[in-house]
Amino acid sequence: MARLAITRGVSPAIARCELTHRERTPIDFERARRQHAAYEAALTGLGCEVHRLPADADAPDCVFVEDVAVVFDELAILTRPGAVSRRRETPPVAAALAERRRLVSIDAPATLDGGDVLVAGRQVFVGLTSRTDEAGAAALERALGPLGYEVTSVPVQGALHLKSVASHVAPGLLLIDPAGIDPAAFDGYELLTVAEGESPAANALWIGDTVLVAAGFDGTRKRLEQRGLKIVEVENGELARAEGGLTCCSLILEMPARGA
Ligand code: CIR
């Protein structure tokens, strides 16, 4: 199986990004670009072919491609982001996905951000947040139910997205920040909690046999390593100022190997 990672350049307008739970602080555009390039290099190191779409100077948050689509083996869901400023981000990502997946759109008035969709095998959790509403979760259920996925809505407290507080990091294993989510939502899963004071560490990206984590959260990193997981660390400090984490910056597609 080959993996394709779709990413997008950092917008020169990133300073005007949406913010919900963070104070606005200056973002160093060049540093953000360097960190994003290092993130892409880490994806390459993990065996992904990286396909970077050009940035949009009129879409401050365009680097966060995760929010505009959710990719499954059978299809890709094009979202209708909860933030109006982000709706123009969907078409270029749709164009990149069109040749690789059947596309299904979330239609108005429903809203759904990809950051609220946590996929764990055939189980799909949808966070109900300021960005994703019940109608968005219902639309996802309509698209995925017939394919054998089980879609469950979970309320999220005090965080932008479900994946700000929970990540799937190994088969049946979720990394969570219990401050933002009731652990009871994940009955049947093994749960690992982030270390004290390390809430942002709950967003981690599992690729193959490795988990990509944000640098600076040593307590959580140690917990993941003690659990036997292989870790790669990347700096995410500048995009974290835009309220973005590691899963936000790519869409990972499992592709049949050439010739298979
Ligand atoms: C926003 O508020 O939409 C962006 N500034 C951050 C989006 C981060 N995306 C994600 O967590 N999936």
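**Q** I'd like a description of the site of the ligand, backed by residues and values.
**A** In the vicinity of the ligand there are 14 residues, among which D61, E66, D67, A242 and C248 approach most closely. D67 is positioned with one of its side-chain polar atoms (N or O) 2.8 Å from a nitrogen atom of the ligand. Interatomic distance of 2.7 Å between a backbone N/O atom of A242 and a nitrogen atom of the ligand. Protein contact buries 98% of the 350 Å² of open area that the ligand shows by itself. Taken together, the residues of the shell around the ligand break down into four nonpolar, three polar and seven charged.

**Q** Describe the sheet that holds strand β8 (residues 150–155), with residues and values.
**A** Taken together, the three strands give an open sheet; going across it, the order is β6-β7-β8, and neighbouring strands pair in mixed fashion. Unpaired on one side and paired on the other, β6 (117–120) and β8 mark the two borders of the sheet. Here the strands of the sheet are splayed against their neighbours by 25° on average, with no regard to which way each runs. Looking at chain direction, β6 and strand β7 (residues 123–128) are connected through four bridges and run antiparallel. Bridge pairing in β7 links A120 to Q123.

**Q** Tell me about the side chain of T132, and name the residues and values.
**A** Mapping T132 onto the fold places it in the loop between β7 and α3 (134–144). For T132, a relative accessible area of 2% puts it in the buried group. In this view, T132 contacts T111, L112, D113, D116, V126 and G127; residues no more than four positions away in its chain are not counted.

**Q** How would you summarise the pairing of strand β2 (residues 48–53) if you had to cite specific residues and measurements?
**A** Across six bridges, the pairing between strand β1 (residues 2–8) and β2 is parallel. Counterpart to A5 in the pairing with β2 is V50. Taken together, β1, helix α1 (residues 29–45) and β2 form a β-α-β motif whose crossover is right-handed.

**Q** Explain the packing of aromatic side chains to me, using residue names and the numbers behind them.
**A** This structure, assessed with the given rule, holds three aromatic pairs. Where F125 meets Y189, the ring centres are 5.7 Å apart and the plane angle is 70°; that geometry is what we call edge-to-face. Here Y189 lies in the loop between β10 (173–176) and β11 (190–193) and F125 lies in strand β7, a separation of 64 residues in the sequence. Pair check on accessibility: F125 and Y189 agree, each one buried.

Definitions and cut-offs
All residue numbers here refer to positions counted from 1 along the written sequence of the relevant chain. At least 70 in pLDDT is required for a residue's local features to be given in this predicted model, at least 80 for side-chain atom pairs to be given and counted, and no such filter applies to totals for whole chains, interfaces and linings, which use all residues. With hydrogens and water stripped out, all remaining heavy atoms of the structure feed into the side-chain values. The criterion for a residue being near a molecule or strand is simple. One of its heavy atoms has to lie within 4 Å of it. N or O atoms within 3.5 Å of each other form a polar contact, as long as, within protein, one can give a hydrogen and the other can take it, and as long as residues adjacent in sequence are counted only when both atoms are side-chain atoms. The Shrake-Rupley method, run with a 1.4 Å probe, gives the accessible areas here. Residue values count only the displayed protein chains as cover. Just so you know the grouping, Ala, Val, Leu, Ile, Met, Phe, Trp, Tyr, Cys and Pro go in nonpolar, Asp, Glu, Lys and Arg go in charged, and all remaining residues, Gly too, go in polar. The pairing criterion is simple: DSSP has to find at least two bridges between the two strands. Under the scheme used here, helices are H or I runs from DSSP no shorter than 4 residues and strands are E runs no shorter than 2 residues, and both carry numbers assigned from the N terminus. In this analysis, axes come from line fits to C-alpha atoms, helices being fitted only over the stretch in contact, and the angle between any two N-to-C directions falls in the range 0 to 180 degrees. Each residue's exposure class comes from its accessible area (1.4 Å probe, protein chains only) as a fraction of the maximum for that residue type: buried when under 20%, exposed when over 50%, partly exposed otherwise. Whether two residues are in contact is decided by their heavy atoms: any pair within 4.5 Å suffices. Handedness rule for crossovers: strands pointing away from the viewer, path from the first strand over the helix to the second running clockwise, crossover right-handed. Only the six-membered ring of Trp is used, alongside the rings of Phe and Tyr, when aromatic pairs are assigned; centres must lie within 6.5 Å, and planes under 30 degrees apart are stacked while those over 60 apart are edge-to-face, with the rest tilted.

Geometric descriptors of this kind do not, in isolation, establish any biological role.
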